[in-house]
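Examining the three-dimensional arrangement
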Amino acid sequence: MGPGVGSRLRDYGQSMCPLTVADARKRFPSASQSIFFDHASVGPISTGVVAAMDEVAQTHLIHGFQPSWRDDMEVVRADAAVLVGSKTENIAFTQNTSFGLSLVANGLDWQSGDNVVLPATEFPSNYYPWMNLQNKGVETRLVDAAAGHARIEDVIAAMDARTRVVAISAVQYSTGFRYDLRPLGEACQSRDALLVVDGTQCVGALTFDVSECHADVLAVSCHKWLLGPPGNGFIHINPRARERVRPSVVGWLTVPEPFAFDYRLQFPQGADRYEPGTENVSGTLGMGAAIRLMLEFTPQWVEERVLAVTDAMAERLRSNGFDIMSDRTSRARSGILIFRHPARPTEELFETLIQAGVRCALRGGGIRFSPHFYNSDDEVRTALDVLNE
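Quick summary incoming for the structure in this document. These numbers were taken from a predicted model, which means no experiment stands behind them. (Residues numbered from 1 in each chain as written. Predicted model: local features only at pLDDT ≥ 70, side-chain atom pairs only at ≥ 80, totals over all residues. Heavy atoms only, no water.)

The next subject is unusual backbone geometry. One non-glycine residue, His-214, lies in positive phi territory at about 60°. Residue position: His-214 is located in the loop between helix H9 (210–213) and strand S7 (217–221). With a phi angle near 60°, Leu-227 is a residue other than glycine that sits in the positive phi range. Among the residues examined, Leu-227 registers a relative accessible area of 2% and is labelled buried. (Helix = DSSP H or I, 4+ residues; strand = E, 2+ residues; numbered from the N terminus. Buried < 20%, exposed > 50% of the residue type's maximum accessible area, 1.4 Å probe, protein only.)

Here the focus is the layout of surface pockets. Taken as a whole, the largest pocket holds about 490 Å³ of empty space. Together, 19 residues line the largest pocket, and Glu-74, Arg-77, Leu-253, Pro-258 and Asp-272 are the ones closest to its centre. It is helix H4 (residues 69–84) that contributes the most residues to the lining of the largest pocket, five residues altogether. Within the lining of the largest pocket, the residues separate by chemical class into nine nonpolar, one polar and nine charged. (1 Å grid on protein atoms, 1.4 Å probe; cavity = no way out; pocket = protein on both sides within 12 Å on 5 of 7 lines; lining within 4 Å. Points joined across faces, edges and corners; volume = space filled by probe spheres on them. Nonpolar A, V, L, I, M, F, W, Y, C, P; charged D, E, K, R; others polar.)

Take the packing of aromatic side chains next. Per the stated rule, a full pass over the model turns up 14 aromatic pairs. Geometrically, the ring pair formed by Phe-65 and Trp-69 is edge-to-face, given 5.2 Å between the ring centres and 80° between the ring planes. What makes Trp-69 buried here is its relative accessible area of 7%. Centroid distance Phe-259 to Phe-261: 6.1 Å. Interplanar angle 80°. Geometry classified as edge-to-face. The exposed category is assigned to Phe-259, whose relative accessible area is 52%. In this structure Phe-261 comes out as exposed when scored by relative accessible area, which is 56%. Linked through ring pairs, Phe-28, Phe-297, Trp-301, Phe-373 and Tyr-374 together constitute an aromatic cluster. One residue, Arg-164, lies across the ring of Trp-110, its end atom 5.3 Å from the ring centre. (Phe/Tyr/Trp six-rings, centres within 6.5 Å; stacked < 30°, edge-to-face > 60°. Lys NZ or Arg CZ within 6 Å of the ring centre and 35° of its normal.)

A separate point is the pairing of strand S5 (residues 163–169). Within S5, six of the seven residues are buried, which leaves it mostly tucked inside the rest of the structure. Relative to S5, strand S3 (residues 115–119) runs parallel, the two sharing three bridges. Directly across from Asn-115, in S5, lies its bridge partner Thr-163. Pairing geometry for S5 and strand S6 (residues 194–198), over five bridges, is parallel. Bridge pairing in S6 places Val-165 opposite Leu-194. (Pairing = 2+ DSSP bridges.)

All right, on to empty space enclosed by the protein then. Vacant regions in the atomic arrangement are exposed by a probe of water-molecule size rolled over the atoms. Counted by the stated rule, this structure contains one cavity of 30 Å³ or more. Counted as a void, the largest cavity has a volume near 70 Å³. Lining the largest cavity are Leu-83, Val-203, Gly-204, Ala-205, Leu-206, Thr-207, Phe-208, Met-294, Pro-299 and Val-302. Across the lining of the largest cavity, the residue classes tally to eight nonpolar, two polar and no charged.

Let's shift gears to a negative patch on the surface. Together, Asp-54, Glu-55, Asp-71 and Asp-72 give the surface a local cluster of negative charge. Those elements that place two or more of their residues in the negative patch are helix H3 (47–63) and H4. Mapped onto the fold, Glu-55 is located in helix H3. Assessed through its relative accessible area of 54%, Glu-55 is described here as exposed. (Patch = residues over 30% accessible without salt bridge, like charges linked within 9 Å, V, L, I, M, F, W, Y side chains within 5 Å. Areas by Shrake-Rupley, 256 points an atom, 1.4 Å probe, with all protein chains shown as cover. Salt bridge = Lys/Arg side-chain N within 4 Å of Asp/Glu carboxyl O. Lys, Arg positive; Asp, Glu negative; His and termini not counted. Charge placed at Lys NZ, Arg CZ, Asp CG, Glu CD.)

Turning our eyes to something else, we now look at the sheet that holds strand S10 (residues 337–340). The antiparallel open sheet is built from four strands, whose spatial order is S9-S10-S13-S12. Across the chains shown, the open sheet's two edge strands, defined by having one partner strand only, are strand S9 (323–324) and strand S12 (361–363).

Right, let's talk about the pattern of salt bridges for a bit. Throughout the structure, instances matching the rule amount to 23 salt bridges. Here Arg-77 and Glu-275 are joined by a salt bridge, their closest N and O atoms 2.7 Å apart. Placement of Arg-77 in helix H4 and of Glu-275 in the loop between helix H10 (239–242) and helix H11 (281–297) is noted, with a sequence separation of 198 residues between them. Just as Arg-77 is buried, Glu-275 falls in that class too.

Right, let's talk about the pairing of S6 for a bit. In terms of residue burial, S6 counts as a mostly covered element, since five of its five residues are buried. Neither face of S6 is exposed, since Leu-194, Val-196 and Asp-198 on one face and Leu-195 and Val-197 on the opposite face are all buried. The β-α-β motif built from S5, the intervening helix H8 (residues 182–190) and the parallel element S6 has right-handed crossover chirality. Of the pairings in the sheet, the one linking S6 to S7 comprises three bridges and is parallel in character. Bridged to Asp-198 within S7 is Ala-219. (Right-handed = clockwise from strand over helix to strand, strands pointing away.)

Below, the structure is given as structure tokens:
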């Protein structure tokens, strides 16, 4: 753990958010260029992320590689743990969600006849790594998700004695449905299966606590709601999972004392055993700045703001004759809102929004709005006025 980390954790744990939406918007110059409602795809980065990455580049340019950067990266590791309710030793840096989930899929000692259970509508990152196990005789059990999400009781019912992993997204990308994962985590614990969660459509927009839902693995990319640089992410992988998931990609850093150069392959106790080679310093410290921004505003305040904005959108869209396709009940709602008009072509409305400078996406048979905490009420009104025109 790097210097100063302990005090930082205490500060974050006691913080209330004294900041405002106006304060947040100052961190995102992109907000003056367009109305950005597409954070579920790739979000913009903040001035703090740019400053962190630029400092690394400029220092490297003038002074070369700095060993102290490794201490700085340990601060990022600790901050990521705070963000998701984990512990520092359970956090490993990855390139993205796909890499994090593949570490699990490729690292377990699979036996023919084992199975993985997951909803049928998972994002491909949480689908292909499990399908890729078919040559080992591993069955991929898809749970019906005709409503845009699976029922947790159906996921549990699909498990049996040979279920090794249950894989699921905290929030479904195509509908915005937010799962209540605690019953599923309890079922996985009682049946000795790993709960593997894709948190990329959740972390950064909504609060998430790995201990509360008993997530053994949580994989996160930082280029969406975390508002960090692409090609960076992290996983939480707890001791129960580490006992079972052997590192499938190894390198000079996957040993306790890499500078000993003693050629003994012995894995560290912590999650850093899954970090094989020379670090992406600039990207990791950029991600650290993005995480610190979320902790500065507090995850609770960010969630309240994101849900308030999407609630306001849903209410006004309904009043103007649009169909809301996302479940907006209290516990199931998220920062993703899918909608369409019963009489007006979706693609035509989408093009109208894009031409007016409103960034959004087509998903789940409708238009997907995914606003963030720095989006203003005026932006919501402007975007909906464009639709009404």
